[in-house]
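# Coordinates in review
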Amino acid sequence: MTSPAQVRSFSPYPPAGGARVLSFGGYQPANVLTNDDLAAMVDTSDEWIRSRVGIVSRRVAGPDESVTDMAVVAGGKALAASGLSPADIDLVIVATCSTEGSLPNVSAVVAHRLGIVAPGAYDVNAACAGFCYALATASDSIRAGSARHVLVIGAEKMTAWIDFTDRSTCIIFADGAGAAVVAPVADGEPPGIGPVVWGSAGDLGDKITIAGRNAFLWQEGQTVFRWATTAMYPIAARACERAGVEVSDLSVFVPHQANLRIIESIARKLGVPRERLADDIVHAGNTSSASIPLALSRMAERGDLKPGSAALLLGFGAGLCYAAQVITVP
Amino acid sequence: MTDQEILAGLGEIVEEIAGVPADEVTLSKSFVEDLDIDSLSMVEIAVAAQDKFGVEIPDDQLKDLTTVQDVVSFVAKNAEGSA
């Protein structure tokens, strides 16, 4: 029930010159699923999985652990790291494609559980590209003056939609959440979130599907692999151009952690050295829209991010949808 | 483009992508059985072959090209057709 106190009196903010990321937060479930665990379930092996997708272990949510639960933890960590209070947040966006039900949306419940009173709240489904879409719309909302501080979360329980007798998918997908707090830049400062380059290829929409409520995730691996390794590096290059950043100036390239071979191929074609490629997939698996902010939060925790430097983000997945932008590392 | 030229070009591609020495890429070899090349590397080889020879090898055709001879013949046939 909504009390009168929980209705925000909306007054637009002055448009901002740009937005920036203040902080990241991440969450991985406690349960570790190793390649050897999978080899006991389906006809596969540690060597086969490492060579095909580059994953050594991944995390799986517990039966009672929901997309919302994981989003709350990651969002709460990002909020704490930002130095802002829940009252400062006026928009919550959650990118997800793996919720247990479609109503209510995740974002409103996450906001409520974090004590964020009456923010704008919506979910984004652009599959594995979802976080980059959400980050772009957060930035645009701040620039337009319709929000001041935005909590952006990618959260997924992909394993709820995986057939654990299908060795082509059960070795890849995993669960987790990542989040970022986005704020306006100070007057006169350059934007810390560059222009987004996004799009979709609906003609290939049937290549990655969850076809119904009782269906499992299915994908045509070779076609998706070909698309990702040939169509995505020009998108990433254009995002750099639009931000006015040379590829050689990037401190890190954080693509959606789809498959190590896909992202190594994209990095090679883009001209990003291997040591500047985020490879969180090795121990996190493919967590769809959570993978980019989860990778960033884990790098931030390890001290592997260089504050003030340029990072290139590239999301791509079902739809087929894609989005890329350059951000300034907080 | 002769079959020998295609074979030489294919050998370079396979060496670059899969690390198999180009001189081991001979007509009778099977990609999977003899050269230990998996399905994703085959996609990368098909993409590189398209760049090199100007012949597209779609996924639904690629699965039927199991030997080096198969790919050489496919490229030769389709390069002629489009010339």
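Residues numbered from 1 in each chain as written. Chains lettered and ligands numbered in written order. Predicted model: local features only at pLDDT ≥ 70, side-chain atom pairs only at ≥ 80, totals over all residues. Heavy atoms only, no water.

### Structural notes on the overall build of chain B
Helix and strand counts for chain B come out as four helices and zero strands. Taken from the N to the C terminus, the helices and strands of chain B come in the order α-α-α-α. Its C-alpha atoms give chain B a radius of gyration of 11 Å, near enough to 12 Å, the size a compact globule of 83 residues would have. The burial tally for chain B puts 45% of its 83 residues in the buried class. In chain B, of all internal contacts separated by at least 6 residues, the share reaching a separation of at least 24 is 52%. (Helix = DSSP H or I, 4+ residues; strand = E, 2+ residues; numbered from the N terminus. Rg over C-alpha atoms; globule rule 2.2 N^0.38 Å. Buried < 20%, exposed > 50% of the residue type's maximum accessible area, 1.4 Å probe, protein only. Contact = heavy atoms within 4.5 Å.)

### With respect to the overall build of chain A
The number of helices and strands found in chain A is 10 helices and 13 strands. Seen through its principal axes, chain A has C-alpha atoms that stretch 60 × 50 × 40 Å. Expressed as a percentage of its 330 residues, the buried residues of chain A come to 57%. For chain A, the accessible area works out to roughly 13200 Å², and carbon and sulfur atoms hold 52% of it. Counting 25 positive and 31 negative side-chain charges, chain A places the centres of these two groups 3 Å from one another. (Areas by Shrake-Rupley, 256 points an atom, 1.4 Å probe, with all protein chains shown as cover. Lys, Arg positive; Asp, Glu negative; His and termini not counted. Charge placed at Lys NZ, Arg CZ, Asp CG, Glu CD.)

### A look at helix α7 (residues 221-243) of chain A
Residues and elements named next belong to chain A. For α7, spanning 23 residues, the distance from its first C-alpha to its last is 32 Å, which sits close to the expected 33 Å at 1.5 Å a residue. Along α7, the residues that are buried comprise T223, V224, F225, R226, W227, A228, T229, M232, I235, A236, A239 and C240. G244 lies just past α7 and shows a positive phi near 70 degrees. (Expected span 1.5 Å × (residues − 1).)

### Examining the packing of α7 of chain A against helix α2 (residues 39-53) of chain B
Geometrically, a packed helix pair is captured by the angle between its two axes and the distance between the axes. One way to put it is that α7 of chain A packs onto α2 of chain B with a least axis distance of 10 Å and a crossing angle of 50 degrees. On the basis of their axis angle, the class for α7 of chain A and α2 of chain B is oblique. Taken as a pair, α7 of chain A and α2 of chain B cross one another with a handedness that is right-handed. Contacts from Q222, F225, R226 and T230 of chain A in α7 of chain A reach S39, L40, V43, E44, A46, V47 and Q50 of chain B in α2 of chain B. Residue classes in the contact of α7 of chain A with α2 of chain B are distributed as five nonpolar, four polar and two charged. (Axes fitted to C-alpha atoms, helices over the stretch in contact; angles between N-to-C directions. Parallel < 35°, antiparallel > 145°, perpendicular 65-115°, else oblique. Left-handed = near helix turned anticlockwise from the far one by under 90°. Nonpolar A, V, L, I, M, F, W, Y, C, P; charged D, E, K, R; others polar.)

### Focus: the confidence of the model for chain B
One rule of thumb: low pLDDT means the predicted coordinates there are not for detailed reading. Residues and elements named next belong to chain B. Of all residues in chain B, 95% have pLDDT values of 70 or greater, and the mean over the chain is 92. Within chain B, the element-level pLDDT minimum falls on helix α4 (residues 68-82), averaging 87, and the maximum on helix α1 (residues 3-18), averaging 94. For this predicted complex, the interface confidence reaches an ipTM of 0.85, while the overall pTM sits at 0.94. (pLDDT = per-residue confidence, 0-100.)

### With respect to the interface of chain B and chain A
Many analyses report the size of an interface as the accessible area lost when the parts associate. Across the contact, 13 residues belong to chain B and 10 residues belong to chain A. Counting each side, the surface lost to burial between chain B and chain A is near 1100 Å², with a carbon and sulfur contribution of 49%. The three residues of chain B that bury the most area against chain A are L40, E44 and D59 of chain B, which together make up 49% of that side's buried surface. There are five salt bridges connecting chain B and chain A. Linking R261 of chain A and E44 of chain B is a salt bridge whose minimum nitrogen-to-oxygen distance equals 3.9 Å. (Buried area = accessible area lost by both parts, 1.4 Å probe. Salt bridge = Lys/Arg side-chain N within 4 Å of Asp/Glu carboxyl O.)

### Details of the nonpolar core
Ranked by size, the top nonpolar core spans 81 residues in total, and within it W227, F253, L312, L314 and F316 of chain A together with F31 and I57 of chain B carry the most contacts. Element by element, the count of residues in this core is highest for α7 of chain A, at nine residues. When residues no more than four places from it in sequence are discounted, the contact partners of L314 of chain A are C132, M232, I235, A236, F253, V254, P255, H256, I266, I292, A323 and A324 of chain A. Counting 39 residues, the second-largest nonpolar core is a separate cluster that includes A16, I93, A147 and I292 of chain A. (Core = buried A, V, L, I, M, F, W, Y, C linked by side-chain atoms within 4.5 Å.)

### What to know about the packing of aromatic side chains
All names here are of chain A. Counted under the stated rule, the structure contains two aromatic pairs over all chains. Summarising the aromatic geometry, the rings of Y133 and W198 are spaced 5.0 Å apart at their centres and angled 20 degrees between planes, so their arrangement reads as stacked. A residue pair is termed long-range when its members are at least 10 positions apart, and Y133 in helix α5 (residues 130-144) and W198 in strand β8 (residues 197-200) qualify at 65 residues. On the basis of relative accessible area, Y133 is assigned to the buried category, the value being 16%. The ring of W48 has R167 sitting right over it, with the charged end atom 5.1 Å from the ring centre. (Phe/Tyr/Trp six-rings, centres within 6.5 Å; stacked < 30°, edge-to-face > 60°. Lys NZ or Arg CZ within 6 Å of the ring centre and 35° of its normal.)

### Quick look at helix α3 (residues 67-82) of chain A
Residue and element names in this part refer to chain A. The terminal C-alpha atoms of α3 lie 22 Å apart, and with 16 residues this matches the ideal 22 Å at 1.5 Å per residue to within 8%. Turning to α3, its buried residues are V67, T68, M70, A71, V72, A74, G75, A78, L79 and S82. Here the buried face of α3 lies against β1 (19-27), α4 (106-113), β6 (150-157) and β7 (175-184). Of the residues trailing α3, G83 is marked for its positive phi of about 85 degrees.

### Examining the state of the cysteines
Residue and element names in this part refer to chain A. Overall, the coordinates contain zero disulfides over all chains when judged by the stated rule. Lacking any disulfide linkage, C132 is separated from the closest cysteine sulfur, that of C128, by 11 Å. Judged by its relative accessible area of 1%, C132 falls in the buried class. In this structure C170 is not part of a disulfide, and its nearest cysteine sulfur, from C128, lies 17 Å away. (Disulfide = S-S within 2.5 Å.)

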